[in-house]
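Each chain, written out:
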Amino acid sequence: MSDTALPARKGRISFLLGLADLQRGDRAPLARAVIVLLAVLTCLVVLGSLAIGPISIPVLELLPHVPSYFAGAGEGVPQGVSPRDWIVLMDIRLPRVTLGALIGAALAVSGAVMQGLFRNPLADPGIVGVSAGAGLGAAAFIVLGNTVLAPVMALLGIYAVPLAAFAGGLVTTLLLYRIGTRGGITSVATLLLAGIALGALTGAMTGLLVYVADDQELRDLQFWGLGSLAGSNWQKVASAAPIILTMLVCVPFLARGLNGLTLGEAAASHIGIKVQRLKNLSILLVAAATGASVAVSGGIGFVGIVVPHLLRLTIGPDHRYMLPAAALLGACLLIAADTLARTIVAPAEMPIGIITAFAGAPFFLWILLRKRGLTGL
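Computed from a predicted structure; not experimentally measured.

Some details on the layout of surface pockets
In this structure, the largest pocket encloses a volume near 590 Å³. As for the largest pocket, its lining consists of 28 residues, of which I142, V161, P162, W224 and K236 are closest to the centre. Breaking the lining of the largest pocket down by element, the ones donating at least two residues are α6 (130-144), α8 (160-180), α10 (215-226) and α14 (275-297). When residues in the lining of the largest pocket are grouped by element, the largest group, six residues, is from α10.

Have a look at this one:
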């Protein structure tokens, strides 16, 4: 072996060893234990959310009959079960909890992927422009659905606003990606700056729609913008679940690449990680899952920031453990927040975005202070 090749090989080996140390970590046993605890906690939160509400129902007695409902034998009420309890469980609470779990997992995992991709703990799914674009799409149909967009509204019916939100998020993301990519290489810094600019532009366009909206449309816009799981049904679950589940299945395969990016793009490329493909897949999966989530629930903030950062402090930065843990904790937190939102002012219902903002905003400020070394203030 030549003298010039030896340093290069030693450098490559050192990069590989550094990556292996990151993936192995000292907190791997703790991370596995935390994932198990989160799985148990999520099950308990799901059971509690199904049971709690204006009408208390015996969830443990009803759950054994649920498989027959999905197997096609659930046309009627099972024998020996209260019709009221069965309707509350299967038509109201179970689809709502299912949708909440999917959205919470999608937002939290998307935040973990974005923070790993941008190597910044303050990144969240909104940084790729999905939330702003989705908000513009929804606002357009809420305000113009009875006038300019009336034919499309009549064609799509109740699915018009969710589909418009998804389309708006997708178009914004594609535009952002086009701006940030030159010569087949995507610049993360350009994506960040372009995302801020497109967010401001779509926000201005949404503000224009708010300016021309009437009182009822303003209320609809405000309620949608704050986020809510009210009106959840199996149709909404069926529309969002395939996209979100695809993302949740695919992102674990990005864990090695995201771990490698902690060494820097050049080092990650040097040890064999296809950085550009990693960026492409990450942005596509985050855009699809976040767009689907925003489309059926409206704007729900801070989940994508709080959950990954909290887990990073607890179990470390290894994405092999962080991604599944983020899915569980995100689902758990959003279900708990939704349960609080629909019970704290019962029989009315508070938008879930208010709950997540009250919990997430102080935590976000704490992250900023911690980064500046001011947590002692």
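Alright, that's what it looks like, and here's the rest.
Some points on the environment of G257
Within the secondary structure, G257 is located in helix α12 (residues 255-261). Exposure remark for G257: the relative accessible area of 8% places this residue in the buried category. Taking the C-alpha atoms as reference points, G257 and G272, 15 residues apart in sequence, are found 9.3 Å from one another. Discounting chain neighbours no more than four positions away, the residues touching G257 are I273 and L278.

A closer look at the confidence of the model for the protein
When pLDDT is averaged along the protein, the result is 83; 89% of the residues meet or exceed 70. When the criterion is pLDDT under 50, residues 3-11 qualifies, and its contacts beyond four places in sequence or with other chains add up to three contacts. Here residues 13-24 is a poorly scored stretch, pLDDT under 50, and it has 20 contacts once near neighbours within four places are set aside; other chains count.

Examining the pattern of salt bridges
Taken as a whole, this structure holds six salt bridges when the rule is applied. For D338, the salt bridge goes to R96, with nearest N and O atoms at 2.8 Å. Here D338 is found in helix α16 (residues 319-343), whereas its partner R96 is found in helix α5 (residues 83-118), with 242 residues between them in sequence. Across the pair, exposure class does not vary: D338 and R96 are buried alike. Each of R96, D338, R342 and E349 takes part in a single network of salt bridges with overlapping partners.

Observations regarding α10
An ideal rise of 1.5 Å per residue puts 16 Å on twelve residues; α10 measures up with 17 Å between its terminal C-alpha atoms. Those residues of α10 that are buried are in contact with α6, α8, α9 (188-212) and α14. For α10, the N-terminal cap is D214; the gap from its side-chain oxygen to the backbone nitrogen of Q216 is 3.3 Å. Count one or two residues on from α10 and you reach G227, which has phi positive near 85°.

What counts and what doesn't
- Residues numbered from 1 in each chain as written.
- Predicted model: local features only at pLDDT ≥ 70, side-chain atom pairs only at ≥ 80, totals over all residues.
- Heavy atoms only, no water.
- 1 Å grid on protein atoms, 1.4 Å probe; cavity = no way out; pocket = protein on both sides within 12 Å on 5 of 7 lines; lining within 4 Å.
- Points joined across faces, edges and corners; volume = space filled by probe spheres on them.
- Helix = DSSP H or I, 4+ residues; strand = E, 2+ residues; numbered from the N terminus.
- Buried < 20%, exposed > 50% of the residue type's maximum accessible area, 1.4 Å probe, protein only.
- Contact = heavy atoms within 4.5 Å.
- pLDDT = per-residue confidence, 0-100.
- Salt bridge = Lys/Arg side-chain N within 4 Å of Asp/Glu carboxyl O.
- Expected span 1.5 Å × (residues − 1).
- Polar contact = N/O pair within 3.5 Å; in protein donor to acceptor, adjacent residues only side chain to side chain.

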